[in-house]
Amino acid sequence: MTPKQVSLVEESFRAVFPIRDVAQEIFYRRLFALDPALRPLFARADMADQGKKLMASLAFVVGGLKNANAIVPAVEALARRHVGYGVTSGHYRTVGTALVATLEEGLGDAFTAEVRDAWLAAYGLLSGVMLAAAGAEDALV
Ligand code: HEM
């Protein structure tokens, strides 16, 4: 990611944070519309709580973009826990699509093509690290 893209992600995330309750709702609505088969994975989750966790971890990841190496171990551990939740590699693409659709709906005109590309780059980095860690876990079992 370029420094400009890091700034764009940081700025747009700051704009989403005050509307995070709405954003969480949009995200899960979009996610389950894209793939209703994902619902059972969240059967045990309190969805309000789940939304808060997702936002908190996104804040952590966005905050770490300037120094990505520092957050890699935590992201890898998160990915390994996700294997246990039944998450498979194809799900990462669906979540990425739902995330971009949420930002588009939440930010409106502020979600320019440049901001979209910056988020795609950030999500690509994040999911790449997670998929590699999840693959390593798969190989162990
Ligand atoms: C790519 C970035 C992602 C981030 C930052 C993220 C973040 C989180 C966090 C923070 C939790 C709380 C539990 C924990 O910390 O282990 C969680 C749980 C969970 N996530 Fe994710 N997640 C991501 C991707 C995904 C994907 C691709 C799926 C697939 C649909 C998914 C499905 C779930 C499920 C099913 C749970 C457990 C719900 C429960 O039973 O409580 N996540 N996620």
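Report follows, based on the coordinates. From a predicted model like this one, the values you see are computed outputs, not experimental measurements.

### Some details on the overall build of the chain
Counting its regular elements, the chain contains six helices and zero strands. Expected size for 141 residues packed as a compact globule is a radius of gyration near 14 Å; at 15 Å, the chain falls within 12% of this value. The principal-axis extent of the C-alpha atoms belonging to the chain is close to 45 × 30 × 20 Å. Out of the 141 residues in the chain, the part that is buried amounts to 35%. Counted over contacts in the chain with a minimum sequence separation of 6, partners at least 24 positions apart contribute 78%. Element-wise, carbon and sulfur atoms account for 58% of the exposed surface of the chain, whose accessible area totals about 8,100 Å². Of the charged side chains in the chain, 14 are positive and 15 negative, and the gap between their average positions amounts to 3 Å.

### So, the side chain of Ser12
Mapped onto the elements of the fold, Ser12 is located in helix α1 (residues 3-16). Not counting chain neighbours up to four residues away, the residues in contact with Ser12 comprise Leu107, Val115 and Trp119.

### Here's the deal with the site of the ligand
Within the structure, the ligand sits among 20 residues, and Gln50, Arg81, His82, Tyr85 and Val95 are positioned closest to it. The separation between a nitrogen atom of the ligand and a polar side-chain atom of His82 is 2.8 Å. Within the side chain of Tyr85, a nitrogen or oxygen atom sits 2.4 Å from an oxygen atom of the ligand. Among the secondary structure elements, those contributing two or more residues to the shell around the ligand are α3 (47-64), α4 (68-84), α5 (89-107) and α6 (113-140).

### Re the packing of helix α2 (residues 20-34) against α5
Axis separation between α2 and α5 bottoms out at 8 Å; the angle between their running directions is 135°. By the criterion of interaxial angle, the relationship of α2 to α5 is oblique. Crossing hand, α2 versus α5: right-handed. Here Ala23, Ile26, Phe27, Arg29, Arg30, Leu31 and Leu34 of α2 come into contact with α5, specifically with Thr94, Val95, Thr97, Ala98, Leu99, Ala101, Thr102, Glu105 and Gly106. In the contact of α2 with α5, the residues fall into nine nonpolar, four polar and three charged.

### A look at α5
Under the 1.5 Å per step criterion, the end-to-end length of α5 is 28 Å for 19 residues, consistent within 8% with the ideal 27 Å. Looking one or two places after α5, you find Gly108, whose phi comes out positive at around 60°.

### A word on the pattern of salt bridges
Pairing is possible between side chains of opposite charge, provided their charged atoms come close. Per the counting criterion, the structure on display carries five salt bridges. With a closest N to O distance of 3.1 Å, Glu105 and Arg29 form a salt bridge. Of the two residues, Glu105 is situated in helix α5 and Arg29 in helix α2; the sequence distance between them amounts to 76 residues. Judged by its relative accessible area of 36%, Glu105 is partly exposed. Residue Arg29 is classed as partly exposed on the basis of its relative accessible area, which comes to 48%. Through salt bridges with shared partners, a single ionic network connects Arg29, Arg30 and Glu105.

Calculation criteria
- All residue numbers here refer to positions counted from 1 along the written sequence of the relevant chain.
- Side-chain atom pairs in this predicted model are given and counted only at pLDDT of 80 or more, local residue features only at pLDDT of at least 70, and totals for whole chains, interfaces and linings cover all residues.
- Excluding hydrogens and water, the side-chain values take into account all heavy atoms of the structure.
- Helix and strand assignments come from DSSP, with helices taken as H or I runs of at least 4 residues and strands as E runs of at least 2, each series counted from the N terminus.
- C-alpha atoms define the radius of gyration, and 2.2 Å times the number of residues to the power 0.38 defines the globule rule.
- Throughout, exposure labels follow a simple rule: accessible area from a 1.4 Å probe, protein chains only, divided by the maximum for the residue type, with under 20% read as buried, over 50% as exposed, and the rest as partly exposed.
- By definition in these notes, contact holds between two residues if any of their heavy atoms fall within 4.5 Å.
- Here the accessible surface of atoms and residues is derived via Shrake-Rupley with a 1.4 Å probe, and residues count as covered only by protein chains that are part of the display.
- For the purpose of counting charges, residues Lys and Arg are taken to be positive, whereas Asp and Glu are taken to be negative. His and the chain ends are not included.
- By convention, the point assigned to a charge is CZ for Arg, NZ for Lys, CD for Glu and CG for Asp.
- Consider each residue's heavy atoms; a residue with any of them within 4 Å of a molecule or strand counts as near.
- Identification of polar contacts relies on pairs of N or O atoms within 3.5 Å, with a donor-acceptor requirement for protein atoms, meaning one able to donate a hydrogen and the other able to accept it, and with residues adjacent in sequence counted only if both atoms are side-chain atoms.
- For helices, the axis comes from a line fit to the C-alpha atoms of the stretch in contact; other axes are also lines fit to C-alpha atoms, and the angle between any two N-to-C directions lies between 0 and 180 degrees.
- Any angle that is under 35 degrees is reported as roughly parallel, and any over 145 degrees as roughly antiparallel; angles of 65 to 115 degrees are reported as roughly perpendicular and all others as oblique.
- Should the near helix be turned anticlockwise from the far one by less than a right angle, the crossing is termed left-handed; should it be turned clockwise, right-handed.
- Polar here means any residue other than Ala, Val, Leu, Ile, Met, Phe, Trp, Tyr, Cys and Pro, which are nonpolar, and Asp, Glu, Lys and Arg, which are charged; Gly is therefore polar.
- Multiplying one less than the number of residues by 1.5 Å gives the expected span of a helix.
- The salt bridge definition used is simple: a Lys or Arg side-chain nitrogen within 4 Å of an Asp or Glu carboxyl oxygen.

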